[in-house]
Amino acid sequence: MASHQHLIFNPAQKVAKISHCSSMEQYKQMHEKSLKDPEAFWGEIAKSFHFEHSVTGKFLDYNFDISKGKIFVRWLEGAKTNITYNCLDVHVLAGHGDQVAFYWEGNDPADTEVITYGDLLKDVCQVANVLKARGVSKGDRVAIYMPMIKELVVAMLAVARIGAVHSIVFGGYSADSLAERMLDAQTTVLITADAVWRGPKLIALKEIADDALKICKSKKLKVKMNLVVQHMKNVTTPHTANNAAPNCNPTKKTHFDDKGNFKVGWNSDVDVWWHEAINNMSNECPPVWVDTEDPLFMLYTSGSTGKPKGVLHTVGGYMLYVATTFKYTFDYHPEDVYFCTADIGWITGHSYVTYGPMLNNATSVLFEGVPTYPHTGRFWEIIEKYKVTKFYTAPTAIRTLMKFGDEPLKKYDISSLSVLGSVGEPINPEAWLWYYRVVGDSNVSVVDTFWQTETGGHVLTPLPGATPTKPGSATFPFFGVDVALLDEEGREIKGVGEGYLVFSRPWPGIMRTVYGNHERFETTYFKKFPGFYCTGDGAKRDEDGYIWVTGRIDDMLNVSGHLLSTAQVESSLVEHPAVAESAVVARPHSVKGECLYCYVTLTEGNEYTDKLVAELKNKVRSKIGTFATPDFMQLAPSLPKTRSGKIMRRVLRKIAVGDHDFGDISTLADPNIVEELFQHRSKEGRV
């Protein structure tokens, strides 16, 4: 961090001159008001939305101190609304029915669709009526297991329109993982699709869903409908169609008949085709008005161990927060075209593909594919095609594309870009600088956002027209967020320092509970430091007040009494021009307690040699200190990542000690990389 914390980049002038917040003075005034008078601040914002009934109780009521009783958060008590009415009806009634809500880009560039707000409203009402006809009502849970297609957006909004609660499971989780989430939520309806191509790989979603339903049935959960989208009929088949993904049943040589039609198993007791179900259904469905603190959705966080947590978000506060963070973090204006690459199966897709943009009447790109298929310039091709102005992706995607150099970008005109966002994990300064200089041509604002499934929306972020940015820093708290750093004993660290990242008061978008287990909610987030929400992340504050998130506290290393963050070491390693990406974990050491075990992925054209290993160790030693010198260095052709792009460090910790007992690795994008890393461990592992 030290070599970059003094680099400061002012907001791009083309952004600042039209920005909703155009100076640090304005930001500070707004932030101060949001803390001192949250009712006035958020009450003014609430006027932009439709509430069928206004607030009758306290605007904000909460308790963060577990020693004083039950933890709770309530916003806009007594008010009633419906989030889909604000996402759809409000815009259509205002004359924006023909406005494009989404440009859909399929896995293959030949597959596209233009979807308007008027189209979505009709489709949502039809599917809502299907659900009502099957007995789904307010408070019922509906599981959704789908690819990134229009019907996924329609499904989640249809569930919300009738006051039910959606539980979206990323399309690619195993049958066991899907069943576990359905059983925990006691979902009575599943919505899925026949299959999807992800790059050249086939994910047989219906087959996986069928296996999950068998598990649910064995556990006495009665699912009354499995609503299935016939997606494969309408998409282009990759040339490598026989390269089925690991989730496909290996006992079947093909999922296609002689005519090339995709085959699915069928259980007429529960299976219903989407296109048949909506036939003759009315395209009108009045919204169910719900209390602002009624649940909107639950989203399961897998964590590194233990049972997944059903993070529960409620309607009113979440609506205000994702709409406001979207507007200010991306500085969205009506003429913009916005592109978030996240899957809706994750919280980023909930908040910044669907709800945040639609509440702002935005035009967005909905992307089914992967960044390197059918070529490494796919993102840039889409940006040129739709003249995207605001782009939001993950550091792992940025680093992946960095490996291919600058040439793929030079084929496309991406000069329309004005704001580049980063999400998912702390971005290393080298990736930040490449993003800014190469992708943004040094004429953009970069917003490195920090938030979690639990926070609902951004809690630390620059504002693109106001905040001078430092590469690798999430900068300052968003409106309503009161940040603090605490030491191990819970003492607050003022000024420069490093500690636990916590928040002392609720913002509207904070989760309300863990579904079915409020005690776990209290223990996980509030027990360690009474009076504070504990993020589980560490952070540093520099002399200018900037916050640098250092990563999960459980990704901290204690080497001979020196506390190190994995992000700090990884940042040093990727400064070497031969390194595209790195991951660092702790390995037990008889003398030091823990030592550094480093995995490095090289840029194309570089070889892994003893000379390079020595250079990398010296790099870490010179950047951090002698105590931080890695004991182990290993070549990683690629790193074990979930399909959302997060590195699964628990797998790397197992490999570091030679332990083959990984537990569930079904969420890995490529499970085969684990054995490949083990093979390199036996060959490399240089000390």
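Predicted model only: the values in this text are computed from it and were never measured.

Criteria and cut-off values
Each chain has its residues counted from 1, running along the sequence as written. For a predicted model such as this one, the threshold for reporting local features is a pLDDT of at least 70, and the threshold for listing and counting side-chain atom pairs is 80 or more; totals across whole chains, interfaces and linings nevertheless cover every residue. With hydrogens and water excluded, all non-hydrogen atoms of the structure serve as input to the side-chain values. Secondary structure follows DSSP: runs of H or I at least 4 residues long count as helices, runs of E at least 2 residues long count as strands, and numbering of each begins at the N terminus. For each residue, the accessible area found with a 1.4 Å probe, counting protein chains only, is set against the maximum for its type, and the residue is called buried under 20%, exposed over 50%, and partly exposed in between. With a 1 Å grid spanning the protein atoms alone, the term cavity applies to any set of points in which a 1.4 Å probe fits but cannot get out, the term pocket to an open set with protein on both sides within 12 Å along at least five of seven lines, and the term lining residue to any residue with an atom within 4 Å of a point. Grid points are joined across faces, edges and corners, and a volume is the space filled by probe spheres set on the points. All residues other than Ala, Val, Leu, Ile, Met, Phe, Trp, Tyr, Cys, Pro, Asp, Glu, Lys and Arg, Gly among them, are scored as polar; the first ten of these are nonpolar and the last four charged. A pair of strands is considered paired only if DSSP assigns at least 2 bridges between the two. Axis definition: a line fitted to C-alpha atoms, over the contacting stretch in the case of helices. Angles run 0 to 180 degrees between N-to-C directions. In this text, buried Ala, Val, Leu, Ile, Met, Phe, Trp, Tyr and Cys residues form a nonpolar core when linked through side-chain atoms within 4.5 Å. What makes two residues a contact is simply this: any of their non-hydrogen atoms within 4.5 Å. Any pair of N or O atoms that falls within 3.5 Å is considered a polar contact. Within protein, one atom must be able to donate a hydrogen and the other to accept it, and sequence-neighbouring residues count only if both atoms are side-chain atoms. When a carboxyl oxygen of Asp or Glu is within 4 Å of a side-chain nitrogen of Lys or Arg, the pair counts as a salt bridge. By definition in this entry, angles of less than 35 degrees are roughly parallel, angles greater than 145 are roughly antiparallel, angles of 65 to 115 are roughly perpendicular, and the rest are oblique. A clockwise turn of the near helix away from the far one marks a right-handed crossing, whereas an anticlockwise turn of less than a right angle marks a left-handed crossing.

Engineer: Talk me through unusual backbone geometry; I want residue IDs and the actual numbers.
Structural biologist: Put simply, Tyr373 and Pro374 share a cis peptide bond, and its omega is -5 degrees. Among the structural elements, Pro374 can be located in the loop between strand 17 (364-367) and helix 12 (378-386). Of note, Leu76 is a non-glycine position whose phi angle comes to about 55 degrees, a positive value. Structurally, Leu76 can be placed in the loop between strand 2 (72-75) and strand 3 (80-81). Residue classification places Leu76 among the buried residues on the basis of a relative accessible area of 2%. A positive phi angle, close to 55 degrees, is found at Lys387, a residue other than glycine. Position of Lys387 relative to the elements: it lies in the loop between helix 12 and strand 18 (390-393). Owing to a relative accessible area of 59%, Lys387 belongs among the exposed residues under this scheme.

Engineer: Summarise the layout of surface pockets; cite the residues concerned and give the values.
Structural biologist: For the second largest pocket, the calculated volume is near 520 Å³. Along the wall of the second largest pocket there are 23 residues; nearest its centre are Ile45, Ser48, Phe49, Lys327 and Asn360. If you list the elements that add at least two residues to the lining of the second largest pocket, you get helix 2 (24-36), helix 3 (38-46), helix 4 (83-96) and helix 10 (315-329). Among the residues forming the lining of the second largest pocket, the class breakdown is eleven nonpolar, nine polar and three charged.

Engineer: Any details on the sheet that holds strand 24 (residues 533-541)? Residues and values, ideally.
Structural biologist: Ordered in space as 21-22-24-25, the four strands form an open sheet in which the pairing is antiparallel. If you trace the sheet from one side to the other, it starts and ends with strand 21 (483-486) and strand 25 (547-552), each paired once. The sheet shows a mean angle of 45 degrees between the axes of neighbouring strands, taken without regard to direction.

Engineer: Tell me about empty space enclosed by the protein, residues and numbers included.
Structural biologist: The final tally for this structure, using the stated rule, is three cavities of 30 Å³ or more. Volume-wise, the largest cavity comes out at about 60 Å³. Along the walls of the largest cavity sit 13 residues, with Phe9, Pro11, Ser445, Val446 and Thr469 positioned nearest its centre. Where the lining of the largest cavity is concerned, the elements lending two or more residues are helix 15 (429-439) and strand 20 (445-448). For the second largest cavity, the calculated volume is near 40 Å³. Lining of the second largest cavity is provided by Ile168, Val169, Phe170, Tyr173, Arg181, Leu299, Tyr300, Gly345 and Trp346. Of the residues contributing to the lining of the second largest cavity, the split by class is seven nonpolar, one polar and one charged.

Engineer: Which residues make up the nonpolar core, and what are the values?
Structural biologist: Ranked by size, the top nonpolar core spans 153 residues in total, and within it Ile83, Ile144, Ile191 and Tyr355 carry the most contacts. Not counting residues within four places of it along the chain, the set of residues in contact with Ile144 comprises Leu152, Ala155, Met156, Val159, His166, Ser167, Ile168, Val169, Leu190 and Ile191.

Engineer: If you had to explain the environment of Asn82 to someone new, which residues and values would you point to?
Structural biologist: Of note, Asn82 is situated in the loop between strand 3 and helix 4. Along the sequence, Asn82 and Ser666 sit 584 residues apart, while their C-alpha atoms lie 36 Å from each other. If near-sequence neighbours (up to four positions away) are discounted, Asn82 is found in contact with Ala160, Arg161, Pro287, Val288 and Trp289. A distance of 3.3 Å separates the side chain of Asn82 from the backbone oxygen of Ala160, its partner in a polar contact. From its side chain, Asn82 meets the backbone oxygen of Val288 in a polar contact 2.8 Å long.

Engineer: Describe the pattern of salt bridges, naming the residues involved and giving the relevant values.
Structural biologist: Under the criterion given, the structure shown has 34 salt bridges. Among the salt bridges present, the one from Glu44 reaches Lys47, with a minimum N-O distance of 3.2 Å. Take Glu44: its relative accessible area is 48%, and that puts it in the partly exposed class. With its nearest N and O atoms 3.3 Å apart, the salt bridge here joins Asp61 to Arg74. Linking Asp61 in strand 1 (residues 60-63) with Arg74 in strand 2, this pair joins segments that are 13 residues apart in sequence. The class of Arg74 is partly exposed, set by a relative accessible area of 30%. Taken together, the shared-partner salt bridges in this structure form one network comprising Lys58, Asp61, Arg74 and Glu77.

Engineer: So, helix 13 (residues 395-402): which residues are in play, and what are the values?
Structural biologist: Summarising burial for helix 13: six of the eight residues are buried, a large majority. Considered for burial, the residues of helix 13 that qualify are Pro395, Thr396, Ala397, Ile398, Arg399 and Leu401. Buried-residue contacts for helix 13 involve helix 12, strand 18, strand 19 (419-422), helix 15 and strand 28 (579-589).

Engineer: How would you sum up the packing of helix 4 against helix 5 (residues 117-133)? Please name residues and give values.
Structural biologist: Interaxial distance between helix 4 and helix 5 falls to 9 Å at its minimum, and their mutual angle equals 135 degrees. Judged on the interaxial angle alone, helix 5 and helix 4 are oblique. Crossing geometry of helix 4 relative to helix 5 is assigned as left-handed. Across the interface between the two elements, Cys87, Leu88, Asp89, His91, Val92 and His96 from helix 4 touch Tyr117, Gly118, Leu120, Leu121 and Val124 from helix 5. Looking at the contact of helix 4 with helix 5 residue by residue, the classes come out as seven nonpolar, three polar and one charged.

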